[in-house]
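Listed here are the chains, written in short residue letters.
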Amino acid sequence: MVDYHAANQSYQYGPSSGSNGAGGGGSMGDYMAQEDDWDRDLLLDPAWEKQQRKTFTAWCNSHLRKAGTQIENIDEDFRDGLKLMLLLEVISGERLPKPERGKMRVHKINNVNKALDFIASKGVKLVSIGAEEIVDGNAKMTLGMIWTIILRFAIQDISVEETSAKEGLLLWCQRKTAPYKNVNVQNFHISWKDGLAFNALIHRHRPELIEYDKLRKDDPVTNLNNAFEVAEKYLDIPKMLDAEDIVNTARPDEKAIMTYVSSFYHAFSGAQKAETAANRICKVLAVNQENEHLMEDYERLASDLLEWIRRTIPWLEDRVPQKTIQEMQQKLEDFRDYRRVHKPPKVQEKCQLEINFNTLQTKLRLSNRPAFMPSEGKMVSDINNGWQHLEQAEKGYEEWLLNEIRRLERLDHLAEKFRQKASIHEAWTDGKEAMLKHRDYETATLSDIKALIRKHEAFESDLAAHQDRVEQIAAIAQELNELDYYDSHNVNTRCQKICDQWDALGSLTHSRREALEKTEKQLETIDQLHLEYAKRAAPFNNWMESAMEDLQDMFIVHTIEEIEVQQLVPKRDHALLEEQSKQQSNEHLRRQFASQANIVGPWIQTKMEEIGRISIEMNGTLEDQLSHLKQYERSIVDYKPNLDLLEQQHQLIQEALIFDNKHTNYTMEHIRVGWEQLLTTIARTINEVENQILTRDAKGISQEQMQEFRASFNHFDKDHGGALGPEEFKACLISLGYDVENDRQKQTGSMDSDDFRALLISTGYSLGDAEFNRIMSVVDPNHSGLVTFQAFIDFMSRETTDTDTADQVIASFKVLAGDKNFITAEELRRELPPDQAEYCIARMAPYQGPDAVPGALDYKSFSTALYGESDL
């Protein structure tokens, strides 16, 4: 009979005895294990020959009946070549040369040769099978030829998970029967003897036809007959074997079993196509659901972040001052909590939002979906604008807080100065009105009057000296009013009382002087009358007046004022010592903060520069770069305690009301902003590499191509900002030999990129604006005016992506719908997983075609909407 082996990827059948190993591949030898080569001696086994005759005959008739004919005897009915040619036309769907209708032997041989030539044209080399042997009715050669046809047209094209032909068919059987008890398909002979495997195949695809649980492994004849009868009645698979022939044979014929099983495979190929279609749809829907989930997450996070910004900005813009330093310091403490507790998570959310947006856009581009356009007001640019407004308000708020604390500190100082001066003045004026109102001069002698006048003159001098203090008190009160001091009312009341009292003292002083001078004149007149007496009593009177003056001088000058001064001096010394200690402590805090800030600030700046270098150089594979960047990110996060220490030192500085530091150029705000930028930059860089890996894997970009893209991009990224402006992008495309006018790459000869760039510049090369604007809309869908490296490599490699299309999804839905132009909810629930079925049902519009039925759904518009070709 026929042996077969592979040679130069064509198929040979004949009596050669070479053996081949089993395995997947493109040649017949690769996909067909040769544990049982077709040996002529095997047909000497009557049982095997009987099984082959019956199976092959039934298989041929299952196809010939489509042409309205059949065969009865496989040896005789193919001898004239007519039904053989007809069989080949039916199973191949192709037309063979016109047969010869003569009855002579030569006509028959010519017809059989035409059939054999057609088989050979399909890549099959027939060895030792000649037309003469078929015409002569050689049973062995005829069976060998039919097996060759079965292999080529029924088994060769079976493919399951990269295995084909026999191995693919066996794997398919194993996968389909795996859940069934007492079934273990390992081959195409004894694994099928008990009939359970046949029944399992049917039950897996049509469970309503078989009551599998009622089958018994020890009743193989019943099992086999059940499967064969059900297959013939419901699946249009003719009965190809008798149950008794299989059971009574130690090892059923493998080729007969394979032929029979291949009929089951093809009968269920519609289900297989439906499964493939469902898998494609599930894959597309999974991508769409994931993208929608990312879109919903973006919208939610964007809304939350924008709402937080909206609530926070009015708080930061609130400039209503508090009355006391303590209240303003509480505001400063609240602001400190905002910067250290509330804002950092929002910084991370903003960074994550941008990362999610970039990742989503990359996935959409890779899956052939349109770019994501967030809701109005929720674009990344909107969030950046809101964030910028927030930081402007934040900066103004902190400046206002510090200025307000400075103002209140000055107010407190002025108020305390007012109180001190007012208290001193009030202490000095205490009793002065009573003294000035005292009428002691009425009973005084002339000498007493003169003493009182001298005393009054001294008081007038003292009063004039206190005029400056009263003016200072009034000036301080005026300044407190101008600075909106919260207790201005009491200050004004006290100041007015002092001024009123001062005016009263002035009036009383003037009145007393007049009274003293009047009394002096009266007493001088009396004194003339007593002159004689006075002369005699002069020594005694002089002594008395001198004593009185001495006593009065001691009382006014040496006793009260000198004692008060001596008491104030130690108080002033103590205050100076306290102030010196305070300033020494403040200087220590300044130096402590500056020492830490002068370490942290340069460290952050250095890390920013290093990340910039890493993102530009990108040495090694993308995986190496990603690993390196993540290690770098961990080292940055590990540095956070140094920033926390600086925050603690800054808090002490603010509590001490220190507003300047000559020992460092770094402020806490500079450090905070730098740290936030550092965290954001490393996260963005990591995300860029992750997206590049997604793009590379999806589009098959080599490491060398990626490096070439990166080198060109970096060359035109003059400011190392990680993005190209329109003109830079245009120049970059040209440098890579890209013809922007025709949207394709062009040959530039052997010129290197630098020479080519120079030539472009020297010749004033220009690009079509309309075409370039179209390209910009692809790489910059959000119209930011910048092209990122991710968008750049997406554009440069866009033609190499193997992605699903709307037409493919429509075709898959059509398979599930049984070739109808619509699909029903019942069909979707039967063919797809529950969540994806409901996803489709909820989004598919009712079908409006002329062949519509109740509940019909429009899968075509749904499919085009998945790819942005219409509204979903």
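Looking now at the confidence of the model for the protein chain. Looking at the protein chain as a whole, its pLDDT mean stands at 81, while 84% of the residues score no less than 70. Across the protein chain, element-level confidence peaks in helix 9 (residues 220-234) with a mean pLDDT of 94 and bottoms out in strand 1 (residues 3-7) with 26. In this model residues 1-44 is a low-confidence stretch, pLDDT under 50, and it forms 126 contacts with partners more than four residues away in sequence or in other chains. Residue range residues 742-767 is modelled with pLDDT below 50. Its contacts to residues more than four positions away, or to other chains, number 39 contacts.

Time to look at the pattern of salt bridges. A complete count under the given rule lists 54 salt bridges for this structure. Close ionic contact of E676 with K343 constitutes a salt bridge, the shortest N to O distance being 3.8 Å. One end of the pair, E676, is in helix 22 (residues 668-699); the other, K343, is in helix 13 (residues 325-366), and 333 residues separate them in sequence. Look at E676 and you get buried, because its relative accessible area is 12%. K450 is the partner of E524 in a salt bridge, and the nearest nitrogen-oxygen pair spans 3.5 Å. On the criterion of sequence distance, the pair formed by E524 in helix 18 (residues 488-529) and K450 in helix 16 (residues 446-465) is long-range, its members being 74 residues apart. Given a relative accessible area of 30%, K450 falls into the partly exposed group.

Size it by volume and the largest pocket reaches roughly 1600 Å³. In this structure, the largest pocket is lined by 50 residues; those nearest its centre are E354, N358, R684, E688 and T788. Broken down by secondary-structure element, the contributors of at least two residues to the lining of the largest pocket are helix 13, helix 14 (380-429), helix 19 (531-617), helix 22, helix 23 (703-716) and helix 27 (789-796). Ranked by residues supplied to the lining of the largest pocket, first place goes to helix 22 with 10 residues. Taken together, the residues that form the lining of the largest pocket break down as 17 nonpolar, 22 polar and 11 charged.

What follows covers the packing of helix 13 against helix 21 (residues 640-655). In contact at an axis separation of 11 Å, helix 13 and helix 21 are set at 170 degrees when each is read in the N-to-C sense. Taken as axis vectors, helix 13 and helix 21 run roughly antiparallel relative to one another. Taken together, the residues of helix 21 that come into contact with helix 13 (itself represented by Q329, L332, E333, R336 and R340) are D644, E647, Q648, Q651, Q654 and E655. When its residues are assigned to classes, the contact of helix 13 with helix 21 shows 1 nonpolar, 4 polar and 6 charged.

With that settled, the discussion passes to helix 27. Since the α-helix turns once every 3.6 residues, residues separated by three or four places project in the same direction. Most of helix 27 sits inside the fold, with 8 of its 8 residues counted as buried. F789, Q790, A791, F792, I793, D794, F795 and M796 are the residues of helix 27 that are buried.

Attention shifts here to the packing of aromatic side chains. Overall, the coordinates contain 29 aromatic pairs when judged by the stated rule. Each ring, one from Y180 and one from Y212, has its centre 4.9 Å from the other, and the planes form 65 degrees; the classification is edge-to-face. Highlighted residues: Y180 in the loop between helix 7 (165-177) and helix 8 (196-205) and Y212 in the loop between helix 8 and helix 9, separated in sequence by 32 residues. Neither Y180 nor Y212 differs from the other in exposure class; each is buried. Between F198 and F264, the aromatic rings sit 5.7 Å apart at their centres with planes inclined by 50 degrees, giving tilted as the arrangement.

Cut-offs applied
- Residues numbered from 1 in each chain as written.
- Predicted model: local features only at pLDDT ≥ 70, side-chain atom pairs only at ≥ 80, totals over all residues.
- Heavy atoms only, no water.
- pLDDT = per-residue confidence, 0-100.
- Helix = DSSP H or I, 4+ residues; strand = E, 2+ residues; numbered from the N terminus.
- Contact = heavy atoms within 4.5 Å.
- Salt bridge = Lys/Arg side-chain N within 4 Å of Asp/Glu carboxyl O.
- Buried < 20%, exposed > 50% of the residue type's maximum accessible area, 1.4 Å probe, protein only.
- 1 Å grid on protein atoms, 1.4 Å probe; cavity = no way out; pocket = protein on both sides within 12 Å on 5 of 7 lines; lining within 4 Å.
- Points joined across faces, edges and corners; volume = space filled by probe spheres on them.
- Nonpolar A, V, L, I, M, F, W, Y, C, P; charged D, E, K, R; others polar.
- Axes fitted to C-alpha atoms, helices over the stretch in contact; angles between N-to-C directions.
- Parallel < 35°, antiparallel > 145°, perpendicular 65-115°, else oblique.
- Phe/Tyr/Trp six-rings, centres within 6.5 Å; stacked < 30°, edge-to-face > 60°.

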